[in-house]
Amino acid sequence: QVQLVESGGGLVQAGGSLRLSCAASGRTFSSYAMGWFRQAPGKEREFVAGITWSGDSTSYADSVKGRFTISRDNAKNTVYLQMNSLKPEDTAVYYCAQSTRVLVTPTPLRYNYWGQGTQVTVSS
């Protein structure tokens, strides 16, 4: 069983930065890709960023490319999402998730463990 706990969310002004962390329990963290997703009120959950099991490859949604950076530390069982140049449209609950695969996929159905989410609010 894997448990994922996100932290680092909060309220920030447009143009600001936040760093989200996701701490994982269990022994399988370093074996699978990890992803960050977000869900705004009234909208479907969407892929934000993903990273392979080794951390050597990443993938981003077009809407965050160049502003967000995903990274992982397998020794600490933690994945991060550095968010810069935040915009009001980035406001959402952000979730980390562990994939069933070693490579990144943007499909939520390919992720079998999810955190409880952390709220990010960007004011204009």
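For the structure itself, consult the block above.
1. Topic: the pattern of salt bridges
Here the structure, examined in full by the defined rule, presents 4 salt bridges. A salt bridge links aspartate 62 to lysine 65, with the shortest nitrogen-to-oxygen separation between them at 3.1 Å. Aspartate 62 sits in the exposed class, given a relative accessible area of 68%. Connected through shared salt-bridge partners, Arg38, Glu46, Arg67 and Asp90 make up one network.

2. Some words on the state of the cysteines
Defined simply, a disulfide is a covalent bond joining two cysteines at their sulfur atoms. On inspection of all chains with the given rule, the structure shows 1 disulfide. In this model cysteine 22 forms its disulfide with cysteine 96; the gap between the sulfur atoms is 1.9 Å. Residues cysteine 22 and cysteine 96 are joined through a disulfide that is right-handed, its torsion about the S-S bond being 45°. A residue pair is termed long-range when its members are at least 10 positions apart, and cysteine 22 in strand S3 (residues 18-24) and cysteine 96 in strand S9 (residues 92-99) qualify at 74 residues. For cysteine 22, a relative accessible area of 0% translates into the label buried. Cysteine 96 gets classed as buried once you look at its relative accessible area, which sits at 0%.

Definitions and cut-offs
- Residues numbered from 1 in each chain as written.
- Predicted model: local features only at pLDDT ≥ 70, side-chain atom pairs only at ≥ 80, totals over all residues.
- Heavy atoms only, no water.
- Salt bridge = Lys/Arg side-chain N within 4 Å of Asp/Glu carboxyl O.
- Buried < 20%, exposed > 50% of the residue type's maximum accessible area, 1.4 Å probe, protein only.
- Disulfide = S-S within 2.5 Å.
- Helix = DSSP H or I, 4+ residues; strand = E, 2+ residues; numbered from the N terminus.

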